[in-house]
Amino acid sequence: MTTAVRTSSLPARKDVLALPSWKLVLPRGGYVSSMEAFTTAMGLPGFSLLDLGTLAGGKDAHRLLGLRYLIANGEVWREHFGWQRALEAALRRELLGDERVKELLSAAEGLLSRIREARASITPEDRGGFARYLEGGLLRALKRRDFEEERFLKFLILEQDEPSLRDQATEFLRSRAGELQRDDAQVLDLLYAAVHRLDSYPATTVSAGQLKYILVADKGEMGVRATREAIALGKVPVVLYSLKDDDNALQVRIAREGGGFAVGLEGSFRESYANYVQIADKVRAEFERRFGDDWEEELSRAGLYPGYGPLAENAAAIRHFRQKNIVFIGPMQDVVENAGDKRKFRLMAQEFDATAVTPGLVIDSDDPDEIQRTIVETHAAGRFTFPGRLKAANGGGGRGQAVIPTAEQVPQAIQKVLGEIKAYNWQPGVMFEQNIPETIHLEVQVLRDRYGNTRHFGMRDCSEQRASQKIQEEAPPALLRRYPGLEERICGLAVQIAERVGYVGAGTVELMFKDGKFYFLEMNTRIQVEHPVSEESYAIKRKRGRVPVNLVAWQMRIADGQAIDFEQEHVVQTHCSREFRINAESWNPDLRDSRDGGKGLFLPNAGIFDRIALPDVAAIREALEDKGLTDLKIRFDCGFEAGDVLVNKDPTFGKLIVSVSSKDPDKAYELLRLASLEVLKKMKIEGRQVRPDGTPIAGSPFKTNLQDHVRILKLPLFKRHSSYDDRGRHVNWVVAAFREEA
């Protein structure tokens with residue numbers, strides 16, 4: 001089904017391949033030098049694994065990982081690299097005398113010899129006793145920090161050389177993480193360092209239980225949410241904000257009132273919130289100013305929360321923060337580069353289920369002639385049919401893709417997509433897929449900790465869109481009632497994908513759905529705008545009852561080195577929910593949309609908020625009780641308060657989530673529609689429109705899309721959807737229906 005052109009898939013989880021004798025084991029896309037490995041393994045002051053700056057466990061963890069890289073690469077360095085010269089040069093840079101340098105070089109050679117002797121002395125009894133050592137001697141050795149003890153060396157060698165034993169060690173970590181988190185968090189950090197895969201980056205977390213500061217690097221409703229969650233968890237909020245646009249933004253006010261502080265950034269939105277170099281420099285300078293000689297210790301207890309702002313899914317930013325010793329609350333850069341690459345994701349998904357991707361091919365090239373030739377030849381071979389869709393490997397949000405109706409239009413599409421790849425500075429490479437028109441958009445919410453515990457929170461239906469951007473989302477999808485067993489199958493595959501890539505944090509696996517068939521699209525390596533609809537639909541069973549799902553708080557707990565402490569069966573559905581993105585925009589039927597040439601589009605605006613008010617929950621609940629309603633929840637996540645000014649950059653300023661439970665499950669989604677209509681009609685968001693500089697426009701009210709949401713819920717197609725009939729519903733149906741009515 002798939003033709004790969006100069007493309008490599010992700011490494012298999014159980015890599016039993018016979019590698020060349022000169023092959024170095026290094027983090028994907030990263031580097032650990034022989035000098036770093038020797039100096040950290042020997043515990044020399046002032047040395048560390050430079051590319052692993054945020055390694056949990058501090059100096060002991062660096063020492064342990066340095067030893068492990070020596071075990072994996074020592075013989076290669078000895079046979080093929082002049083490691084002595086690099087080590088000697090590094091030692092002399094520390095102004096050490098000749099005798100001390102000779103002594104340390106001799107110690108390094110002795111360490112290599114001890115590793116070689118330990119490997120040669122491993123017996124079948126050592127292999128057979130591996131599991132017993134996991135349960136007994138391993139934790140004692142970690143507690144003593146006795147990393148060069150013979151049995152411990154053999155343990156490290158066995159898990160490196162034999163994948164089946166490595167899997168045993170990984171499972172031991174996963175199963176014991178919760179217990180060690182309570183009893184000895186420092187040993188937990190070292191156990192993670194002892195069994196973490198060397199061919200990937202370790203998770204970006206603080207030492208277990210040491211998270212103190214949350215650096216909030218998003219704005220608007222997500223910035224406000226993250227700031228409040230940090231305070232609720234007892235952490236110190238540190239808000240990063242644009243001096244130009246957000247000097248008195250709501251999240252800045254909340255942080256200061258909650259005992260935190262703010263760090264101002266220079267420039268416009270892209271120059272500030274997206275500038276990870278400026279952010280790292282400003283944060284480090286502010287910590288040094290506030291904490292003096294202790295600033296590095298304080299910074300080691302901080303985690304940067306990107307939300308879904310411009311730093312999320314930015315591998316270069318994650319790498320920079322790691323090297324500047326700033327923990328990134330989210331996945332590692334190699335995971336973002338692999339899971340976020342649509343080509344690699346596609347190849348991986350089809351390994352699990354060959355029918356779960358659309359017919360097509362991946363092309364790892366930026367040469368337009370090569371791309372065109374490959375598409376034409378593969379089409380001629382009968383691998384797919386037109387129309388098709390060309391996608392940038394790292395595109396998103398509707399950008400970096402083009403529909404190709406016929407083979408003759410391939411060159412124009414290539415020119416468009418390659419132009420956008422260049423404009424957005426994405427990595428080169430594209431995919432061509434057979435276009436499956438009028439599909440429903442589904443996604444799975446997953447959560448995974450650094451120890452390998454993976455959970456999902458069901459699925460979302462995000463098919464109400466405009467301009468390739470979601471405006472309504474539903475959880476769980478109503479259409480699942482027509483397909484028993486489908487959710488379990490899809491969510492199971494999503495969990496496998498998260499585990500294969502070694503994901504850490506909250507992420508989403510997206511897919512298309514049509515006529516009972518599903519096709520995986522990509523993994524979003526961040527939390528998404530629509531995550532609250534999943535939070536409101538599910539709960540977690542505890543001994544004392546059910547507790548709400550809080551994905552943002554769990555992201556922060558995972559960055560604190562905590563283990564997920566509930567099983568998949570403890571995640572239970574309690575409500576049906578719908579999320580409405582409340583945008584500073586409204587439908588204008590008279591303007592032509594330059595993107596597709598059609599007449600009618602959602603037009604953004606800006607304004608001053610004079611009033612934001614939610615309706616009375618009790619009154620709506622009482623009005624719907626006779627229709628079988630048993631519970632109603634209304635939640636509004638907003639980045640503004642009355643008196644604040646929105647000068648539009650992202651039109652979404654709030655998210656309204658309506659949730660219901662019903663005596664009759666067959667009527668739940670119609671009840672959800674009726675309840676949502678009442679909430680939307682009674683909700684009040686009032687204000688005055690402003691110019692780009694923030695000054696009010698006389699006699700011009702601030703417009704939102706509240707009434708557009710009402711209009712969607714009243715359309716005949718949506719009424720059918722609430723009764724589980726999705727005929728005619730797809731990601732472009734809303735705009736088409738609005739235009740048809742006009």
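Refer to the structure presented above.
Residues numbered from 1 in each chain as written. Predicted model: local features only at pLDDT ≥ 70, side-chain atom pairs only at ≥ 80, totals over all residues. Heavy atoms only, no water.

## A word on the overall build of the protein
For the record, the criterion: Each helix corresponds to a stretch of at least 4 residues labelled H or I by DSSP, and each strand to a stretch of at least 2 residues labelled E; elements are numbered beginning at the N terminus. Here the radius of gyration uses the C-alpha set of atoms, whereas the globule reference equals 2.2 Å times the residue count to the power 0.38. When checking whether two residues touch, look at their non-hydrogen atoms; a contact exists if any pair is within 4.5 Å. Areas reported as accessible are Shrake-Rupley estimates using a 1.4 Å probe. Residue values count occlusion only from the protein chains shown. In summary, the charge assignment counts Lys and Arg as positive and Asp and Glu as negative, without counting His or the chain termini. All charge positions are set by atom: Lys at NZ, Arg at CZ, Asp at CG, Glu at CD.
Broken down by element type, the protein carries 28 helices and 27 strands. Taken over the C-alpha trace, the protein has a radius of gyration of 27 Å; the compact-globule value for 742 residues is 27 Å, and the two agree within 12%. Its C-alpha atoms give the protein principal-axis dimensions of roughly 85 × 65 × 50 Å. Look at the contacts in the protein between residues 6 or more apart in sequence, and 71% of them connect residues 24 or more apart. Put simply, the protein shows about 30,400 Å² of open surface, and 48% of that area lies on carbon and sulfur atoms. Both charge centroids of the protein, one from 105 positive and one from 108 negative side chains, sit 2 Å from each other.

## A word on the pattern of salt bridges
As a reminder, the rule being used: The salt bridge definition used is simple: a Lys or Arg side-chain nitrogen within 4 Å of an Asp or Glu carboxyl oxygen. Under the scheme applied here, a residue whose accessible area is under 20% of the maximum for its type counts as buried, over 50% as exposed, and between as partly exposed, the area being computed with a 1.4 Å probe on protein chains only.
One pass over the full model with this rule turns up 69 salt bridges. When the shortest N-O distance is used, the salt bridge between Lys633 and Glu536 registers 3.1 Å. Pair noted here: Lys633 is in strand 23 (residues 629-638) and Glu536 is in helix 22 (residues 531-537), with a separation of 97 residues, a long-range link. We classify Lys633 as partly exposed; its relative accessible area is 25%. Arg542 serves as the salt-bridge partner of Asp565, at 2.9 Å between the closest nitrogen and oxygen. With Asp565 in the loop between helix 23 (551-559) and strand 18 (571-573) and Arg542 in strand 16 (residues 538-542), this residue pair connects regions lying 23 residues apart in the sequence. Of the residues examined, Asp565 reaches a relative accessible area of 49% and is grouped as partly exposed. The exposure class of Arg542 is partly exposed, given its relative accessible area of 31%. Salt bridges sharing partners connect three or more residues here, namely Arg225, Glu229, Glu535, Glu536, Lys633, Arg635 and Asp637.

## Digging into the state of the cysteines
The line we're drawing: A pair of cysteine sulfur atoms is labelled a disulfide when the two atoms are within 2.5 Å.
Taken as a whole, this structure holds zero disulfides when the rule is applied. There is no disulfide at Cys462, and the cysteine sulfur nearest it, in Cys491, is 13 Å away. There is no disulfide at Cys576, and the cysteine sulfur nearest it, in Cys491, is 15 Å away.

## With respect to the environment of His575
Which entries qualify depends on this criterion: In the analysis that follows, any N or O atom pair within 3.5 Å is treated as a polar contact, provided that within protein one partner can donate a hydrogen and the other can accept it, and provided that, for residues neighboring in sequence, both atoms belong to side chains.
For His575, the location among the structural elements is in the loop between strand 18 and strand 19 (576-583). What makes His575 buried here is its relative accessible area of 9%. Through-space distance from the C-alpha of His575 to that of Pro476 is 8.6 Å; in sequence the pair is 99 residues apart. Excluding its chain neighbours within four sequence positions, the residues that come into contact with His575 are Ala475, Pro476, Glu536, Ser537, Asp631, Lys633, Ser659, Val660 and Ser661. Within the structure, the side chain of His575 is placed 2.8 Å from the side chain of Thr574, a separation counted as a polar contact.

## Details of unusual backbone geometry
A negative phi holds for most residues other than glycine; trans holds for most peptide bonds. In this structure, the amide linkage connecting Phe386 to the following residue, Pro387, adopts the cis form with an omega of 5 degrees. The topology assignment puts Pro387 in the loop between helix 19 (368-380) and strand 8 (388-396). The amide bond that connects Ala475 to the next residue, Pro476, takes the cis arrangement and shows omega of -15 degrees. Within the fold, Pro476 resides in the loop between strand 13 (469-475) and helix 21 (486-501). Although it is not a glycine, Leu95 sits at a positive phi angle of roughly 65 degrees. By secondary structure assignment, the location of Leu95 is in the loop between helix 3 (83-93) and helix 4 (98-120). Here the phi dihedral of Glu313 falls at roughly 65 degrees; this positive angle occurs in a residue that is not glycine. In this structure, Glu313 sits in the loop between strand 5 (302-305) and helix 16 (315-323).

## A closer look at the pairing of strand 26 (residues 684-690)
Operational definition: When DSSP finds two or more bridges between a pair of strands, those strands are recorded as paired.
For strand 22 (residues 607-613) and strand 26, the ladder comprises six bridges, and the chain directions are antiparallel. Among the inter-strand pairings, Gly607 is bridged to a residue of strand 26, identified as Gln689. Where strand 26 and strand 27 (residues 696-701) come together, two bridges link them in antiparallel fashion. Bridge pairing in strand 27 links Arg688 to Pro701.

## Let's talk about a positive patch on the surface
Heads up, the rule is: What makes a patch is a set of residues exposed beyond 30% relative accessible area and free of salt bridges, joined within 9 Å when like-charged and within 5 Å when nonpolar (Val, Leu, Ile, Met, Phe, Trp, Tyr).
Taken together, the side chains of Arg132, Arg140, Arg144 and Arg151 present a region of like positive charge at the surface. Secondary-structure assignment places Arg144 in helix 7 (residues 137-144).

## Focus: the packing of helix 9 (residues 163-183) against helix 10 (residues 185-195)
Keep this limit in mind: Lines are fitted to the C-alpha atoms to define the axes, a helix being fitted only along its stretch in contact, and any angle between axes, read from their N-to-C directions, falls within 0 to 180 degrees. An angle counts as roughly parallel when it lies under 35 degrees, as roughly antiparallel when it exceeds 145, as roughly perpendicular when it falls between 65 and 115, and as oblique in every other case. The hand of a helix crossing depends on one turn: near helix anticlockwise from the far one by less than a right angle means left-handed, and clockwise means right-handed. When residue character is reported, Ala, Val, Leu, Ile, Met, Phe, Trp, Tyr, Cys and Pro are called nonpolar, Asp, Glu, Lys and Arg charged, and the others, Gly included, polar.
The N-to-C vectors of helix 9 and helix 10 enclose an angle of 165 degrees; their axes lie 8 Å apart at closest approach. Taken together, the axes of helix 9 and helix 10 are roughly antiparallel relative to one another. Crossing hand, helix 9 versus helix 10: left-handed. Across from Ala169, Thr170, Phe172, Leu173, Ala177, Leu180, Gln181 and Asp183 in helix 9, the residues of helix 10 making contact are Ala185, Val187, Leu188, Leu191, Tyr192 and Val195. When its residues are assigned to classes, the contact of helix 9 with helix 10 shows eleven nonpolar, two polar and one charged.

## Thoughts on the nonpolar core
For clarity, the threshold we go by: Nine residue types can take part in a nonpolar core, namely buried Ala, Val, Leu, Ile, Met, Phe, Trp, Tyr and Cys, and a core is a set of them joined through side-chain atoms within 4.5 Å.
In terms of nonpolar packing, the biggest core is built from 137 residues, with Leu142, Phe152, Phe155, Phe520 and Met523 touching the most fellow members. Counting residues in each nonpolar core, the second largest holds 46 residues, with Ile620, Leu672, Leu677 and Val735 among its members.

## Structural notes on the sheet that holds strand 13
Read across the open sheet, the eight strands follow the order 15-14-11-12-13-19-25-23; overall the sheet is antiparallel. This sheet does not close on itself; its edge strands, each paired only once, are strand 15 (517-524) and strand 23. Strand-to-strand twist in this sheet, taken as the mean axis angle between neighbours without regard to direction, amounts to 25 degrees. On top of the sheet, helix 25 (residues 668-682) reaches strand 13, strand 19, strand 23 and strand 25 (652-662); it is set at about 135 degrees to strand 25, its chief contact.

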